[in-house]
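Each chain, letter by letter, is given below.
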Amino acid sequence: MGLTKQYLAYKPVSSFNIIASGRANVSFVTINHVVGRYVVVAAAEKVLVWDMRIGEKVVEFVRDKQEVTFLRASPDQKLLAVGYSDGAVEMFSFDSKQSVCSFASHRSAVSALNFDLLGLKLVSGGLDNDLVVSDVVAQTGKCRLTGHTAPITQVCFMQRYHDVVVSSSKDTQIKFWNTETQSCFKTIVDHRTEVWGIVLMRNDDFLVCATADTQLSVYKIASTTDEPPSTTAGALLPEEESTVSPFRCTAAGSIQRAGHGRTINLVSDANGQVLGCHGTDRKIELFYFCSQDESVKKLTKRLKKLNTKKSNTEQDDAREANVRQLALADEIKRLSKISTPEKVKSFDLILGTRNELRICCTFLKNLVQLFSLDMEAKNAEPETLYALQKQGHPSEARTVSFSSDSLAIVSGSAESLKLWSRASQGVLRTVDTDGYVVSTCFVPGDRHVLVGLKSGQLLVVDVVPGEVIERIDAHEKELWSIILTPDKHGCISGGGDTTVKFWSFELINRSDGTEGKILSLLHKNTLKLEETVLNVRISQNGKYIAVALLDTTVKIFFIDSLKFYLSLYGHKLPVIAMDISYDSTLIITGSADRTIKIWGMDFGDCHRSLLAHDNTVTAIQFIPNTHMFFSCAKDGKLKQWDADSFQKIVTLPGHLGEAHALAISPNGKYVVSCGSDRTLRLFRRTEEPLVLQDVQEEEREELENATLATGEESAVPGLPGLRLPSKKTIGSEKGAENILECLEVSKQYEEEGGKGPLPPLMFAYSATNTDDFLLTVLSRIRASDLEESLLLLPFSAVCELLEKIPQLTIARKDHTELICKVVLFLFRVHQKPIVSNQVLLPVIQKIVPTLQGTVGELRDMVGTNLHAAQMLQRELEENDGCVLFRDATKQRMQRDRRRKRREASKRKFLQIVK
């Protein structure tokens, strides 16, 4: 067998330029007990925590290549729940910076997430119309709630009723769910349009809903044990409230927004005092929900103004205020609105201890801004505290280039040019171009950059001061391509006005009369063509110039005489990108017909045509001094090819949207690409050898793993309505395979009498007997995949597993919880066949008392340990005179403060009397 050709692997270094994605929300987080300074945002497939004061990234969380769609921090600020476009929910820890657990909850993107008051339960809503309640502690799903007929827009737990979840959807309905009974007990159907958001205010006293109009609907929530506020409110109900519901929900009125269009986001602070909303315009409106005492005071003042003619005392007014029903105007106060520089994509707000309200906003133009508003000051205007905008382009980067020393990267977007450090991925310079950048190129010496605009202008940018030193009207239409000549004394540009122009570099005196000279371009020659020029390339030997035209051909001319040499035709659509090899023997062309063609420069013959991508090829470039090249396309993928063997070497992790351009460093060690997900992605060549056969095998395995072997649905005969709070994944299929393999190996080992050498699989799991082997296999299955794995087992395997349970329970009491979980799930799913199977009757008769006894022992042990720990705590507190826990310390300090205040007030009173 001959030697296989080896290549060196390119690995991703980082992605930069993106500050915040527009698809996900923004949220305040607390790090090191500092509140209101750190915000967490989504950045394509990453999650970033920004320090708004210094404008730097503090933490970065990464999962797989899936876009982040929703973020929510837990109430104790220790965990971060992240929803992804594939329906998964990942939990990250702020302390360890690692993933804690993962829930495969939905079949499509996650659209809403929320924790309960204590952070023990998490509810998620998805575009698959379902709600899933998950147990954060047990790391498993609790239940799936189905009933909505359109994607979920918002979901939250009620604080006063811990088992109640409220959800809104695009089906115009708001539903109240009981997680214990897993059913909907109340539905609000008052709205004619989609409900875009809901929020519970003032400890569940109010429910505010946002719809497609300019009004916010407000509902008042009151316990059924309380008396109805008035007969008029009671008359709103067509019939007596259902006995299932623990509260009444009556329409209290509406809030008229000042903004236009539908309400996009509805957000409240953690205590439900301040409500913020924004529509399709550039303003955020804020409302303050007064406390009960403040509302009564407002009502008293209002009534006092109305009853000025009557001589009533303040006590009578207060009594009247208590009797009458409070109006919505008494309970809600409008605050100053915040005008924003761009259309708001999402925002979050937090109320500080000194009544300072902080609002953090993300915008479509890759920008994060932090505002502050003083709640105590009258007619206070919001002020901008910090903004993150210099760390990235406001719009998508369309072109990238490397400097000759491979240390700097330049990127251009619709309004600016940025110079980046390749080592730190930080911004070095930002230059406003006043035009759409479509092509860039470093001038020899790396001090200047040539920039081609969509308007046809050619800019000369000096990167040291970061300014445009000359604007040349080079072309009448788009300047699609700029390339240096091989002698580095000039450049060539190709534009949409069907011309290719030749320029030479000149040093001229400054126009302002100061000393020194500046770089300029002198027009030398023009090549006129019949079609729009899309790309221009020069061979390294300086003989030929290749021009890609809109008529799908590539024409090659002699560079000295500009006489026609060859025409390359064969593409069905125009050639967008091309490149010539270092030895001037090959030319590669990438087209909108998704193919890459490799041609010989001698005769113009096509060596090979490769169906390279699933969409238009946007950029292609040879690695210097090799016949290998990279290509990127609108399918977002970045691929490496060998032009000699015509084989694909590897596919690199690309962009989430389209890939617009790529550049390879002159030393061939680095590759950078830009795309529609607003990221610049940098890759570095490693010393790791890459064998083609291994890479192809890995890609085949990835494709196989992408499709589930047992299908998407988890169906059980006899249980058509089974709705598990999880989704079948590759992990659950592998878990089921491992259980079946374990049962088979254990059966063979026991048939041999349990003597002789251990089977290799048992040895690999470090198990000495079959019980330990089974328990190790079960415990290694991820908690969120366990139910799906058990569901895939055939009934014969279920019977074998149940037969092992009694002995397993007695032998391994340290895994009682896991054993109980397995047994209860199997009983619930396979109840009918288990009941009808007489063989399993003695097994069940053994399982029930054994498990009951073991669970009782475990409960007694936990209770003993708990009370012993409490006793030790009391003894330590008595001996040391200190309180162990911080919460208790806080309570004690608050009690001391109240006592001192009471004593001070008594002293003042005594002084006054005296």
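Residues numbered from 1 in each chain as written. Predicted model: local features only at pLDDT ≥ 70, side-chain atom pairs only at ≥ 80, totals over all residues. Heavy atoms only, no water.

The name that an unreviewed UniProt entry assigns to the protein is Small-subunit processome Utp12 domain-containing protein, with the source organism given as Anopheles minimus. Quoted verbatim from the Sequence similarities (unreviewed entry) field of UniProt, the annotation for the protein is "Belongs to the WD repeat WDR3/UTP12 family." (UniProt positions renumbered as here; feature names shortened; annotations may be inferred.)

A.B. asks: Provide a residue-level description of the overall build of the protein, including the pertinent values.
C.D. replies: What the protein contains, in helices and strands, is 14 helices and 57 strands. Overall, the protein is about 100 × 100 × 60 Å in size when its C-alpha atoms are taken along their principal axes. With 914 residues in all, the protein has 51% of them scored as buried. Taking as baseline every contact in the protein between residues at least 6 positions apart, the subset at least 24 positions apart corresponds to 49%. (Helix = DSSP H or I, 4+ residues; strand = E, 2+ residues; numbered from the N terminus. Buried < 20%, exposed > 50% of the residue type's maximum accessible area, 1.4 Å probe, protein only. Contact = heavy atoms within 4.5 Å.)

A.B. asks: Tell me about the pattern of salt bridges, residues and numbers included.
C.D. replies: The full count for this structure, using the stated rule, is 31 salt bridges. The shortest N-O distance in the salt bridge between D579 and R537 comes to 3.7 Å. Highlighted residues: D579 in strand β47 (residues 575-580) and R537 in strand β43 (residues 533-538), separated in sequence by 42 residues. With a closest N to O distance of 2.8 Å, R812 and D772 form a salt bridge. Taken together, the positions of R812 in the loop between α10 (795-811) and α11 (816-829) and D772 in helix α8 (residues 770-780) put the pair 40 residues apart, joining distant regions of the chain. Taking the relative accessible area as the measure of exposure, R812 reaches 22% and is therefore partly exposed. (Salt bridge = Lys/Arg side-chain N within 4 Å of Asp/Glu carboxyl O.)

A.B. asks: An account of helix α6 (residues 730-751) is requested, with residue identities and associated values reported.
C.D. replies: Between the first and last C-alpha of α6 there are 32 Å, a value that for 22 residues agrees with the 32 Å anticipated at 1.5 Å per step. Burial in α6 covers these residues: S732, E733, G735, A736, I739, C742, L743, V745, S746 and Y749. In this structure, the buried side of α6 is in contact with α7 (760-764), α8, α9 (786-791) and α10. Just downstream of α6 lies G753, where phi reads positive at about 90 degrees. (Expected span 1.5 Å × (residues − 1).)

A.B. asks: Please give an account of the UniProt feature "repeat: WD" (unreviewed entry) in the protein that cites residues and values.
C.D. replies: Sites flagged by UniProt as "repeat: WD" (unreviewed entry) map to residues 145-187, 472-506, 568-609, 610-651 and 652-683. Taken as a whole, residues 472-506 contains 0% helix and 63% strand, while its terminal C-alpha atoms sit 14 Å from one another. End-to-end, the C-alpha atoms of residues 652-683 are 9 Å apart, and along that stretch the chain is 0% helix and 53% strand.

A.B. asks: Which residues make up unusual backbone geometry, and what values go with them?
C.D. replies: Among all residues except glycine, the phi angle is most often negative; among peptide bonds, the trans geometry is most common. In this model, D434 sits at a positive phi of 55 degrees, which is unusual for a non-glycine residue. The topology assignment puts D434 in the loop between β34 (427-432) and β35 (437-442). For D434, a relative accessible area of 67% gives the class exposed. Positive phi, close to 60 degrees, is recorded for F646, a residue that is not glycine. Tracing the backbone shows F646 in the loop between β53 (638-642) and β54 (647-652).

A.B. asks: Could you give an account of the sheet that holds strand β50 (residues 606-611), naming the residues involved and the relevant values?
C.D. replies: If you walk across this open sheet you meet the four strands as β47-β48-β49-β50, and the pairing is antiparallel. The two strands at the open ends of the sheet, each matched to only one other strand, are β47 and β50. Adjacent strand axes in the sheet meet at a mean angle of 15 degrees when their direction is disregarded. Pairing between strand β49 (residues 595-600) and β50: five bridges, direction antiparallel. Within β50, the residue paired with W599 across the bridge is C606. (Pairing = 2+ DSSP bridges. Axes fitted to C-alpha atoms, helices over the stretch in contact; angles between N-to-C directions.)

A.B. asks: Lay out the nonpolar core in plain terms, naming residues and giving numbers.
C.D. replies: Grouped together as the largest cluster of nonpolar side chains are 40 residues, with contacts concentrated most on I739, F773, L790, L793, L801, L802 and V822. Listed by contribution, the elements that provide at least two residues to this core are α6, α8, α9, α10, α11 and α13 (841-880). If one sorts the elements of this core by residue count, α11 sits on top with eight residues. Discounting chain neighbours no more than four positions away, the residues touching F773 are C742, V745, S746, L761, M762, Y765 and A767. (Core = buried A, V, L, I, M, F, W, Y, C linked by side-chain atoms within 4.5 Å.)

A.B. asks: Go over the pairing of strand β14 (residues 152-157), please, and point to the residues and values.
C.D. replies: Within β14, six of the six residues are buried, which leaves the element mostly enclosed by the surrounding structure. Pairing of β14 with strand β15 (residues 164-169) involves five bridges; the strand directions are antiparallel. Across the sheet, the residue bridging to C156 is V166, located in β15. Connecting the antiparallel pair β14 and β15 is a turn made up of six residues.

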